[in-house]
Every structure is written in C-alpha cells, then in structure tokens.
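# Descriptive structure summary
If you want the building blocks of each chain, they are given just below.
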Amino acid sequence: MAHSYRMTLDGWAQALSGDDCPFCAPRADDNDFWLKVETLPSSTLYLSRDQRFHGRCLLIHDRGHPIGIESLSPRDAASAFEDLHRCSKALRHALRSELVNVASLGNQIAHLHWHLIPRFVGDSRWGAPPWTTSPDEIPQRRLADADLASMAALIRSELAKT
Ligand SMILES: [Zn+2]
C-alpha cells in the first residue's frame, strides 16, 4: 500500500469525527490487511498481512472512537494497557523475538491502535526504529494464508497462557 504522508485539514476533521473510520467496530475478521488473532477485553489483535516485519500485528481498541490512550478514562486506559501487555508478551514468546516495538501514532487513522512489531537480530532495520525511512523501501513480504493462520494460532495459544 502506498503511503500518503499529507493530511489535509478536511481529512483530519473527518478522521476525528469517526465517519467511515476503518477501525471502528465491527470489523472484518479477515481482509486484505489483517487476520484476526483474538478478541481481548478492550481490543482486538490482528496479524498483519504485511509481513515486512515478521509477526507484525495491529491491536485496535474496540469501544467507541478514541483518538489515543489519553482519550480514555483511567480505568479504560488500564484495561487497554493490560491488553497491550498481554499481546506484547505473547508475541515475544510465540515468535522468540528479541523485543517487540510498540507504536501508537494515529496520524492517518485517528482511532486508538497499536503497532506491535517483533524485532529480530538481523532484521531489515535491526538496531533502529522500524520506520527510519519509508516502509516502501523494505521489500514486501506476504505469507500464504495457511502460514499466516498458523502464526495467528501460535500467538493465540501464547495469549491463552497470559
Ligand atoms: Zn474509529
């Protein structure tokens, strides 16, 4: 997917409004962008079909259209953070990654979500943030449906242990 790094004021107003928000529930379990892994108390974990980073996931908040963690009540934020903690731990164990990069940006889609990017020694941006330059500079990598489903099942089984 080509990225546009420009956001018009009208585009931002629409992003804030939640109209046509691609992340507001309900969402497809399986589409061109992701495969659902698990529904958690506050959010849903999806395995990205864009596997330029092995095991890359998206954790999307399920309730309402909050822009960021600061939009939530302390109680809801704590629940969201618990989901994030569980998913990061499950990813690290399931894929035996060195660490998991976590990012909440919302510059394009103003609905609370987290990018979870397991990092491995020797990956394409090892030792640096994943997005120091355009992601388009990293060769696209998409897995066969069966392989993606196997990875999702592995992550799901680790989540069940948390
Ligand atoms: Zn939304």
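Heads up: these notes are all about the structure in this document. Being a predicted model, the structure only gives us computed values, none of them experimental.

### Side note on the coordination of the zinc ion
Coordination sphere of the zinc ion, protein contribution only: C21 (SG), C24 (SG), H65 (ND1) and H111 (ND1), at 2.1 to 2.3 Å. Classification of the site at the zinc ion as tetrahedral follows from its 4 donor atoms and the range of 105 to 114° in their angles at the metal.

### Concerning helix α3 (residues 145–161)
Because each turn of an α-helix spans 3.6 residues, side chains separated by three or four positions end up pointing in the same direction. When the terminal C-alpha atoms of α3 are compared, their 25 Å separation across 17 residues agrees well with the 24 Å that a helix rising 1.5 Å per residue should span. Turning to α3, its buried residues number three or more, namely L148, M151, A152, I155, E158 and L159. Buried residues along α3 cover an arc of 125° about the axis, so they all sit on one side. For α3, the exposed residues lying more than 90 degrees away from the buried face are A146, A160 and K161. Structurally, α3 contributes buried residues whose contacts are with β1 (34–39), β2 (43–48), β3 (57–61) and α2 (74–95).

### Description of the sheet that holds β3
One open sheet holds the 5 strands; their spatial order is β1-β2-β3-β5-β4, and the pairing between them is antiparallel. Edge positions in the open sheet fall to β1 and β4 (99–103), since each of these has one partner strand only. The sheet shows a mean angle of 25° between the axes of neighbouring strands, taken without regard to direction. The pairing of β3 with strand β5 (residues 113–119) spans 4 bridges and is classified as antiparallel.

### Here's the deal with a nonpolar patch on the surface
A grouping of L99, V121 and W126 is seen on the molecular surface, where their side chains present a nonpolar patch of about 280 Å² in accessible area. If you trace the backbone, V121 turns up in the loop between β5 and α3.

Rules and cut-offs
Residues numbered from 1 in each chain as written. Predicted model: local features only at pLDDT ≥ 70, side-chain atom pairs only at ≥ 80, totals over all residues. Heavy atoms only, no water. Donors = N, O, S within 2.8 Å, 3.2 Å for Na, K, Ca; no water. Tetrahedral: all angles 85-135°; square planar, octahedral: opposite > 155°, others 65-115°. Helix = DSSP H or I, 4+ residues; strand = E, 2+ residues; numbered from the N terminus. Expected span 1.5 Å × (residues − 1). Buried < 20%, exposed > 50% of the residue type's maximum accessible area, 1.4 Å probe, protein only. Arc of directions from axis to C-beta. Contact = heavy atoms within 4.5 Å. Pairing = 2+ DSSP bridges. Axes fitted to C-alpha atoms, helices over the stretch in contact; angles between N-to-C directions. Patch = residues over 30% accessible without salt bridge, like charges linked within 9 Å, V, L, I, M, F, W, Y side chains within 5 Å. Areas by Shrake-Rupley, 256 points an atom, 1.4 Å probe, with all protein chains shown as cover. Salt bridge = Lys/Arg side-chain N within 4 Å of Asp/Glu carboxyl O.

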